Amino acid sequence: MREHIKRFLFGGENFKQEFKAQLRLLIVVTLGFTIAFSWRQTFFDSTQRIVQLITHVQDTTGLSILSSLSITIISLIIIWGTTAWLSDED
């Protein structure tokens, strides 16, 4: 009985392996989010300049909406493409 309680509270070998795997995942996700957040403004400004060159829109609100829409459409195309590429179906 004592061994069961100890195993429940502190976990066994599988718990330790799973904890390390989850901790690694947490670190990778946190650092990935930090990298994405630091590049967010640069990517948005670059897209905004490209949209402004193509559309010649001068209104900042309209330009921001068009830039966000462009980023969304491009991201959806990339998500769709990678999903199709990585699917198990042949």
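Residues numbered from 1 in each chain as written. Predicted model: local features only at pLDDT ≥ 70, side-chain atom pairs only at ≥ 80, totals over all residues. Heavy atoms only, no water.

This paragraph deals with the packing of aromatic side chains. The final tally for this structure, using the stated rule, is one aromatic pair. With 6.1 Å between their ring centres and 20° between their planes, phenylalanine 33 and phenylalanine 37 make a pair best called stacked. Here the residue phenylalanine 33 and the residue phenylalanine 37 both occupy positions in helix α2 (residues 13-55), the gap between them amounting to four residues, near one helical turn. Note on phenylalanine 33: relative accessible area 59%, which makes it exposed. Look at phenylalanine 37 and you get exposed, because its relative accessible area is 54%. (Phe/Tyr/Trp six-rings, centres within 6.5 Å; stacked < 30°, edge-to-face > 60°. Helix = DSSP H or I, 4+ residues; strand = E, 2+ residues; numbered from the N terminus. Buried < 20%, exposed > 50% of the residue type's maximum accessible area, 1.4 Å probe, protein only.)

Empty space within the largest pocket amounts to approximately 170 Å³. For the lining of the largest pocket, the secondary structure elements donating two or more residues are α2 and α3 (60-86). At seven residues, the largest contribution of residues to the lining of the largest pocket is made by α2. Residue composition of the lining of the largest pocket, by class: five nonpolar, four polar and no charged. (1 Å grid on protein atoms, 1.4 Å probe; cavity = no way out; pocket = protein on both sides within 12 Å on 5 of 7 lines; lining within 4 Å. Points joined across faces, edges and corners; volume = space filled by probe spheres on them. Nonpolar A, V, L, I, M, F, W, Y, C, P; charged D, E, K, R; others polar.)

The next thing to look at is the side chain of glutamine 48. Along the polypeptide, glutamine 48 turns up in helix α2. Judged by its relative accessible area of 18%, glutamine 48 is buried. Every residue in contact with glutamine 48, bar those within four places of it in the chain, is listed here: Thr60, Leu63, Ser64 and Ser67. (Contact = heavy atoms within 4.5 Å.)

As far as function goes, none of this settles anything; it's purely spatial.
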